[in-house]
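Tertiary structure, described
Chain by chain, the residues:
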Amino acid sequence: MDALSRIFAALADPTRRDMIARLSEGDATVGQLAEPYRMTLQAVYKHLRVLEDAGLVSRPRGPQPRSVRLEVHAFDLMDTWIELHRDRAEQRYRRLDAVIAEMRRDEHGQDHKDGHRGRHDAAGHPDDA
């Protein structure tokens, strides 16, 4: 599995997203991270292992308690992917907006050529009854 897939898979879980949100405020020990959750410490370590394997967090080697640290480079990878697709979608919508604007200009010009502003303003139209 590629790095981006591991990151998104890790973030699919709401507990892990919450851990990431809390770590964005600053480093924390495993005990501090575990405090708000109703789960065993073993379950917290499993969540951290998934986040570590994805490259989202790190825990330096050394004596306990070790701080868990957010790894910003993983966010750079996500940002690059998201921005690429956001840019593509925005370009597509800009092209669509241009087509719609052109259609409206054509329609507006056609209405004036016919001597009326639109179909609903035309006298004797069945919808006027």
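All of the points below concern the structure found in this document. Nothing here was measured: the structure is a model prediction, and the numbers come from that model.

A word on the side chain of arginine 16
Along the chain, arginine 16 falls in helix H2 (residues 14-23). Buried and without a salt bridge, arginine 16 has aspartate 13 as its closest oppositely charged side chain, separated by 4.4 Å. Discounting chain neighbours no more than four positions away, the residues touching arginine 16 are Ala9, Ala10, His47, Val50 and Leu51.

Structural notes on the packing of aromatic side chains
For the coordinates displayed, the defined rule picks out one aromatic pair. Here phenylalanine 8 and tryptophan 81 contribute two aromatic rings whose centre-to-centre distance is 5.4 Å and whose plane-to-plane angle is 65°, an arrangement assigned as edge-to-face. Here phenylalanine 8 is found in helix H1 (residues 3-10), whereas its partner tryptophan 81 is found in helix H5 (residues 72-113), with 73 residues between them in sequence.

Examining the pattern of salt bridges
Oppositely charged side chains may form a pair once their charged atoms are brought near each other. Following the criterion strictly, the structure yields six salt bridges and no others. The closest approach of N and O atoms between arginine 49 and aspartate 53, which form a salt bridge, is 3.8 Å. With a gap of four residues between them, arginine 49 and aspartate 53 both fall in helix H4 (residues 41-53), about one helical turn apart. Using a relative accessible area of 48% as the deciding quantity, one classes aspartate 53 as partly exposed. Between glutamate 52 and arginine 59 there is a salt bridge, with its nearest N and O atoms 3.1 Å apart. For the residue pair glutamate 52 and arginine 59, the accessibility class agrees, reading buried in each case.

Rules of the game
- Residues numbered from 1 in each chain as written.
- Predicted model: local features only at pLDDT ≥ 70, side-chain atom pairs only at ≥ 80, totals over all residues.
- Heavy atoms only, no water.
- Helix = DSSP H or I, 4+ residues; strand = E, 2+ residues; numbered from the N terminus.
- Buried < 20%, exposed > 50% of the residue type's maximum accessible area, 1.4 Å probe, protein only.
- Lys, Arg positive; Asp, Glu negative; His and termini not counted.
- Salt bridge = Lys/Arg side-chain N within 4 Å of Asp/Glu carboxyl O.
- Contact = heavy atoms within 4.5 Å.
- Phe/Tyr/Trp six-rings, centres within 6.5 Å; stacked < 30°, edge-to-face > 60°.

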